[in-house]
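So the chains spell out like this:
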Amino acid sequence: MEIKIGVVESARELLVNSDLSPDEVEALVSDTFAGKQAVLKLVDDKGRRFVIPSGRISYVEIGASDSRKVGFA
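Residues numbered from 1 in each chain as written. Predicted model: local features only at pLDDT ≥ 70, side-chain atom pairs only at ≥ 80, totals over all residues. Heavy atoms only, no water.

S.K.: Any details on the pairing of strand β3 (residues 39-43)? Residues and values, ideally.
M.R.: In β3, alternate side chains face the same way, and those of Leu40 and Leu42 are buried while those of Val39, Lys41 and Val43 on the opposite face are not. Summarising the sheet, β3 and strand β4 (residues 49-53) pair through five bridges and their orientation is antiparallel. In the strand pairing of β4, Lys41 is matched with Val51. The loop that links β3 with its antiparallel partner β4 comprises five residues; one of these, Gly47, has a positive phi angle of about 90°. (Buried < 20%, exposed > 50% of the residue type's maximum accessible area, 1.4 Å probe, protein only. Helix = DSSP H or I, 4+ residues; strand = E, 2+ residues; numbered from the N terminus. Pairing = 2+ DSSP bridges.)

As structure tokens, this is what we get:
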């Protein structure tokens with residue numbers, strides 16, 4: 001699943017591909033915005049870890065992986 005995170009004062013968004021379900025991601029984001037966590041912690045499908053301070057997150061877009069492929073299969 002694809003997760004796009006907007007970061008305050010940054011022109012680029014952070015793109016994370018994760019094996020989490022949309023409901024799991026929404027729960028993590030909700031807990032972060034509710035003040036239960038100071039940071040949003042995500043692990044992508046390649047094992048990379050992302051730690052984003054909650055005060056720097058401007059938006060989170062949770063969506064399905066883009067099924068469009070470009071190039072040779």
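S.K.: Report on the nonpolar core, specifying residues and quantitative values.
M.R.: In summary, soluble globular proteins display a tendency toward joint burial of nonpolar side chains. Of all hydrophobic cores here, the largest spans eleven residues; its members are Met1, Ile3, Ile5, Val16, Val25, Val29, Leu40, Leu42, Phe50, Ile52 and Ile57. Of all elements in the fold, only β1 (2-7), α1 (22-33), β3 and β4 reach the threshold of two or more residues within this core. (Core = buried A, V, L, I, M, F, W, Y, C linked by side-chain atoms within 4.5 Å.)

S.K.: Any chance you could break down α1 for me, citing the residues and the numbers?
M.R.: Along its twelve residues, α1 runs 16 Å from first to last C-alpha, staying within 8% of the 16 Å computed at 1.5 Å per residue. If you check which residues of α1 are buried, you get Val25, Val29 and Thr32. Take α1 and look down its axis: the buried residues cluster within an arc of 60°, on one side only. Those residues of α1 that are buried lie in contact with β1, β3 and β5 (57-63). After α1 finishes, the residue Gly35 shows a positive phi value of roughly 90°. (Expected span 1.5 Å × (residues − 1). Arc of directions from axis to C-beta. Contact = heavy atoms within 4.5 Å.)

S.K.: Give a description of the sheet that holds strand β2 (residues 13-17) that names residues and reports values.
M.R.: Pairing is antiparallel across the open sheet formed by three strands, whose spatial order is β2-β1-β5. Strands at the two margins of the open sheet, each flanked by one partner only, are β2 and β5. Adjacent strand axes in the sheet meet at a mean angle of 15°, parallel and antiparallel pairs treated alike. Examined bridge by bridge, β1 and β5 share six bridges and lie antiparallel to one another. Pairing of Ile3 across the sheet is with Ile62, part of β5. The sheet strands contacting α1 are β1 and β5, and the helix crosses β5 at an angle near 165°. (Axes fitted to C-alpha atoms, helices over the stretch in contact; angles between N-to-C directions.)

Don't take any of this as a statement about function, it's just geometry.
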